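Chains, contacts and geometry: an overview
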Amino acid sequence: MNGPLKMYRTKQVVRHDITVQLPDCMYKLKNIHAARNGMVEQRTDHISSAPKKVDICDQVKQFLKNNQNLPEMAALELRQEEILRQLADLKKQMDSIRNNLKISKNVTVTSQIIKPNQGPPLSLPDVIINASPTNPPYSLELIQKLWKNYMFLSVESYIHSSLSSLTENAQQLTNTLEKFKPGNVPKINVKLIWKDVGANPELVISHARILGEVNILRYLARVTSDSLNYETCNNVHEIDALLDVCYNIVKSKTKTERASLLQILNKSLGKSQWLGDRSQISIADVAAYSAIKQATIPSEVNVNLGKWLQKCVAAC
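Note that the structure is predicted; figures quoted are calculated from it, not measured. (Residues numbered from 1 in each chain as written. Predicted model: local features only at pLDDT ≥ 70, side-chain atom pairs only at ≥ 80, totals over all residues. Heavy atoms only, no water.)

**Description of the environment of V313**
Tracing the backbone shows V313 in helix α9 (residues 303-315). For the pair V313 and K145, spaced 168 residues apart in sequence, the C-alpha to C-alpha distance is 9.2 Å. (Helix = DSSP H or I, 4+ residues; strand = E, 2+ residues; numbered from the N terminus.)

**Points about the nonpolar core**
Core analysis: the biggest nonpolar cluster contains 62 residues, and L265 and W308 have the highest contact counts within it. The element best represented in this core is helix α8 (residues 283-295), accounting for 9 residues. The residues contacting W308, other than those within four sequence positions of it, are L269, Q273, W274, L275, D285, A288, Y289 and I292. (Core = buried A, V, L, I, M, F, W, Y, C linked by side-chain atoms within 4.5 Å. Buried < 20%, exposed > 50% of the residue type's maximum accessible area, 1.4 Å probe, protein only. Contact = heavy atoms within 4.5 Å.)

**A few points about the pattern of salt bridges**
It is possible for side chains of opposite charge to pair when their charged atoms get near one another. Under the counting rule described, the total for this entry stands at 8 salt bridges. Between K91 and D95 there is a salt bridge, and its shortest N-O distance comes to 3.3 Å. Highlighted residues: K91 and D95, both in helix α2 (residues 71-101), separated by 4 residues, approximately one helical turn. Between R258 and E300 there is a salt bridge, and its shortest N-O distance comes to 2.9 Å. (Salt bridge = Lys/Arg side-chain N within 4 Å of Asp/Glu carboxyl O.)

Here it is in structure tokens:
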């Protein structure tokens, strides 16, 4: 065939000249392409350029400028002025109270740091300790005796409704703690709640929780100035490491794992009287005593550690 080819015609499918009757039962929307004055914007291109980013401060200024005559803005200004007036009155009252009490305006607030060799704190908040009967916190027994001339841990025990009874060891510890009567010393009220919390007891104070017996001992050491406070010692890092060993002894699941941890305690003890080559009992000894009594059987403890356990009881 010679010459250009012509395309065949197709039948029109959609007609655009038919008037469409829109339903009158729906809300009508303005034409999104129409300008504010009702006229359709004339666009030279179907691709619109990205709008210029306006700073938020400029937007606020423009909003206030456009709405400064609104009654809502006037009410907001009146409310702001009323708040400023009330704050000024409050400041005058505080200045008056300060002058009556003769308090300086430049008051420096510092936290109280308890130093060693100070007397016991005058008051401490009551604490709650949740402990499992299968892992009794024997450290409380030693602390009661060590602090007999310093501070009294007044322990009251309770059984949680989730438990039907106590183990023999837990019952013996309860009787020992509740029967202990020291001299005339400051007192901390301790509520010991026997509860199924696992190997880690919980100390609850001011709606905060401290988990783990060694961490409870750390707390008690830091809020007191007794010899249990070890943070001013030269071997503070060694004692912290020993406390972590005690934690792992309680959490250990096999005899082999406990044996390696007990070997660390035995090496730290060496030929010294107490752990960490110290001349007197420390927080590490208290934690280790409780951990060994909870998690081991007599056959796992060698002769050296056995003599040390007896010394812990005799020293209190």
